[in-house]
Amino acid sequence: MALGWLPVVSLLLLGMRAAHGTTTAIDIQNAAAMAAGLCNTKPTDLVFIIDSSRSVRPSEFEQVKVFLAKVIEGLDVGPDTTRVGVINYASRVKNEISLKAHKAKAGLTKAVGKIEPLSTGTMTGLAIQFALNVAFSEAEGARVKSKDVSKVAIIVTDGRPQDNVREVAAKAREAGIEIFAIGVGRVDMNTLKMMASEPLEEHTDYVESYSLIEKLTKKFQEAFCVSDLCATGDHDCAQVCISVPGSFKCACNEGHTLLEDGKSCSACSNAATDVVFLIDGSKSVRPENFELVKKWINQIVDKLDVGESKAHVGLVQYSSTVRQEFPLGRYNNKKDLKEAVKKMDYMERGTMTGQALRFLLDNSFAPSQGARPGVAKVGIVFTDGRSQDYIGEAARKAKELGFKMYAVGVGNAVEDELREIASEPIADHYFYTADFKAMASIAKKLTINVCQEEDPCECDSIVKFQKKVEDALQALTKKLESVTKRIAALENKIV
């Protein structure tokens, strides 16, 4: 669900609850806040620590400021709610905005827009020390340390620091400051992990370029929100989410059935399905992200009804070459299947998506590789970059052969290529996120429902067809009788 729709959805949900007499004061408060583009937040002292060293171009620094402004726009800014400060650093540190400087969002956003880059070295440790000693001090507007007030720092950097960050970051965390570390481009990933709070997967983010940093906005807006999980989309429900105090439960639209996992819905029988994953193992993915991709595959496997006569799963990895990890039908239970996925080794090298699609056509769905005749075929293609070869012909042929194709992209994936791979309707078969850590949300949304088509030769179908013909003939007979009577009446008048 796009963030822009959340206020509308919140008000609709509120109206539905009011109609059933279940509206509460909290519901009204949540809906009003969402409608205003805000959310309920725990009182927070938030300090952005932004790198403006010489490696950050002026145009890129402008993109960082846009990111800050958009995160701020989704917060409930005020003296008793969220206070925001900004530290700008390079070889020196500049306190651009103190926590006490702005009590309203408009002035704060305007001040962010006026920040200029320092364009020298990268003293990240010095900046964290400054935050600990100055920015989070009561003199600069920070509140007294309390369990009721969160202390949060968000660091944005694109390089390797020229000083030590490990010890000073540890001191900041010990002082109760929760640290999020965002890395861009050629950043040193180990440095991000030294700075960030635990769990690291929730507190470290990486984007290939500053042009993609804006796509992390939603994550940080939601990180500060304590709101309706259904309204924010932070749930696993495939179709309908029903809020309950502090949690949610799932339901399905009319005509659909809630499956055993309590989240997925189906309008179909558990039809036999052949599913093949095509996974990008190019060097741009990086080893730590490749582990996240394997977890993502197993999240989707968990949603399938794997069995001898049900879903079969195959796995293919590609980079500059294509490698079949295991064919369809080799593993017919989820435990063995997921273990095989975990053992997949990272290939690295290039991104030959077109070659991988041709392998899918020529090999993966061939009977010699375990594919079953007459069984629905599903291909799930994952990539994080532009293909180095032509994908058009293979993508078109896969769909012409009746394969249901899903396309999933992360980071620098080209969305036009994803759409070219995806089956119709494209909105249901194409997914993109800027961040590998957000892939779990795609796994929640990607639901493989394959309905078996009726066989026109089956007796039930023939009986239904005959009934329709008989009904149509009876209706036609009545019309003819009516017309005959009218003609007879006209003839009597003429005589």
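Relevant structure appears above.
Residues numbered from 1 in each chain as written. Predicted model: local features only at pLDDT ≥ 70, side-chain atom pairs only at ≥ 80, totals over all residues. Heavy atoms only, no water.

Participant: Give a detailed account of a negative patch on the surface, specifying residues and quantitative values.
Facilitator: Taken together, E178, E198, E201 and E202 make up a surface patch of like negative charges. Note on placement: E198 falls in the loop between helix 7 (189-195) and helix 8 (200-203). (Patch = residues over 30% accessible without salt bridge, like charges linked within 9 Å, V, L, I, M, F, W, Y side chains within 5 Å. Areas by Shrake-Rupley, 256 points an atom, 1.4 Å probe, with all protein chains shown as cover. Salt bridge = Lys/Arg side-chain N within 4 Å of Asp/Glu carboxyl O. Lys, Arg positive; Asp, Glu negative; His and termini not counted. Charge placed at Lys NZ, Arg CZ, Asp CG, Glu CD. Helix = DSSP H or I, 4+ residues; strand = E, 2+ residues; numbered from the N terminus.)

Participant: Which residues make up helix 6 (residues 166-174), and what values go with them?
Facilitator: The set of residues buried in helix 6 consists of V168, A169 and A172. Relative to the axis of helix 6, the buried residues are bounded by an arc of 100° and lie together on one face. In helix 6, the exposed positions angled more than 90 degrees off the buried face are occupied by R166, E167 and E174. Elements that come into contact with the buried residues of helix 6 comprise helix 5 (124-135), strand 5 (177-184) and helix 7. Following helix 6 by one or two positions, G176 adopts a phi angle in the positive range, close to 95°. (Buried < 20%, exposed > 50% of the residue type's maximum accessible area, 1.4 Å probe, protein only. Arc of directions from axis to C-beta. Contact = heavy atoms within 4.5 Å.)

Participant: An account of the pairing of strand 6 (residues 204-207) is needed here, citing residue identities and associated values.
Facilitator: The side-chain alternation of strand 6 yields two buried faces, one formed by T204 and Y206 and the other by D205 and V207. With 4 bridges joining them, strand 5 and strand 6 adopt parallel strand pairing. By the bridge assignment, I182 is partnered in strand 6 with D205. (Pairing = 2+ DSSP bridges.)

Participant: Give me the pattern of salt bridges: which residues, what numbers.
Facilitator: Here the structure, examined in full by the defined rule, presents 19 salt bridges. Its salt-bridge partner being K310, residue D305 comes within 3.3 Å of it at the nearest N-O pair. The class for D305 is partly exposed, based on a relative accessible area of 31%. A residue is classified by how much of its surface remains accessible, and K310, at 31% relative accessible area, is partly exposed. Each of K215, E415, D416 and R419 takes part in a single network of salt bridges with overlapping partners.

Participant: So what's going on with the packing of helix 13 (residues 353-364) against helix 14 (residues 392-400)? Which residues, and what values?
Facilitator: It is the contact of helix 13 with helix 14, at a shortest axis distance of 8 Å, that shows an interaxial angle of 30°. Taken together, the axes of helix 13 and helix 14 are roughly parallel relative to one another. Of the two elements, helix 13 crosses helix 14, and the hand of that crossing is left-handed. For the pair formed by helix 13 and helix 14, the contact residues are G354, L357, R358 and L361 on the first element and A394, A395, K397 and A398 on the second. For the contact of helix 13 with helix 14, a count of residues per class yields 5 nonpolar, 1 polar and 2 charged. (Axes fitted to C-alpha atoms, helices over the stretch in contact; angles between N-to-C directions. Parallel < 35°, antiparallel > 145°, perpendicular 65-115°, else oblique. Left-handed = near helix turned anticlockwise from the far one by under 90°. Nonpolar A, V, L, I, M, F, W, Y, C, P; charged D, E, K, R; others polar.)

Participant: How would you explain the state of the cysteines if you had to name every residue and give the values?
Facilitator: What is meant by a disulfide is a covalent connection between two cysteines, made through their sulfur atoms. For the coordinates displayed, the defined rule picks out 1 disulfide. What pairs with C237 in a disulfide is C250, and their sulfur atoms sit 2.0 Å apart. Between C237 and C250 the disulfide shows an S-S torsion of about -80°. By sign, it is left-handed. Note that C237 is positioned in the loop between helix 10 (229-232) and strand 7 (240-244) and C250 in strand 8 (residues 247-251), a separation of 13 residues in sequence. Comparing C237 with C250 shows no difference in burial state: the two are buried. (Disulfide = S-S within 2.5 Å.)

Participant: Let's hear about a nonpolar patch on the surface: which residues, and what values?
Facilitator: A cluster of nonpolar side chains, contributed by L473, L476 and L480, occupies part of the molecular surface with about 300 Å² of accessible area. With respect to the helices and strands, the residue L480 is situated in helix 18 (residues 459-494). Using a relative accessible area of 52% as the deciding quantity, one classes L480 as exposed.

Participant: Run through unusual backbone geometry, naming residues and quoting values.
Facilitator: Here the bond from E198 into P199 is cis, since omega is -10°, no more than 30 degrees from zero. Cis rather than trans, the peptide bond between E424 and P425 has omega equal to -10°. When you line up the elements, P425 lands in the loop between helix 15 (415-421) and helix 16 (426-429). One non-glycine residue, R286, adopts positive backbone phi at about 75°. One can find R286 in the loop between strand 11 (273-280) and helix 11 (287-303). Phi is positive for R349, which is not a glycine, with a value near 75°. Following the sequence through the fold, R349 ends up in the loop between helix 12 (334-342) and helix 13. On the basis of relative accessibility, which here comes to 45%, the residue R349 falls in the partly exposed class.

Participant: Which residues make up the nonpolar core, and what values go with them?
Facilitator: In this structure, F48, F67, I154, F220 and L357 are the most contacted members of the largest nonpolar core, which totals 59 residues. Those residues in contact with F220 that sit more than four places away from it in its chain are F67, V71, I154, F180, I182 and D205. Counting 34 residues, the second-largest nonpolar core is a separate cluster that includes V275, A311, Y406 and F436. (Core = buried A, V, L, I, M, F, W, Y, C linked by side-chain atoms within 4.5 Å.)

Participant: Can you explain the packing of aromatic side chains? Please cite residues and give values.
Facilitator: Under the definition given, this model contains 8 aromatic pairs. Cluster of aromatic residues (ring-pair linked, three or more members): F277, W296, F382 and F436. In this arrangement the basic side chain of R286 is found over the ring face of Y206, its NZ or CZ atom lying 4.3 Å from the centre. (Phe/Tyr/Trp six-rings, centres within 6.5 Å; stacked < 30°, edge-to-face > 60°. Lys NZ or Arg CZ within 6 Å of the ring centre and 35° of its normal.)

Participant: Would you mind going over helix 14 in detail, with residue names and values included?
Facilitator: Here helix 14 has its buried residues at G392, A394, A395 and A398. The inward-facing, buried residues of helix 14 abut helix 13, strand 15 (404-410) and helix 15. Phi turns positive, to about 90°, at G402, one or two residues after helix 14.

Participant: Can you explain the sheet that holds strand 3 (residues 93-97)? Please cite residues and give values.
Facilitator: Strand order across the open sheet formed by 6 strands is 3-2-1-4-5-6, with mixed pairing between neighbours. With one partner strand each, in any of the chains shown, strand 3 and strand 6 form the two edges of the open sheet. Recorded for the sheet is a direction-independent mean angle of 20° between the axes of neighbouring strands. Looking at chain direction, strand 2 (residues 82-89) and strand 3 are connected through 4 bridges and run antiparallel. Its bridge partner lying in strand 3, N88 is registered against K94. Relative to strand 2, helix 5 is tilted by about 145°, and along the sheet it contacts strand 1 (44-51), strand 2, strand 3, strand 4 (150-157) and strand 5.

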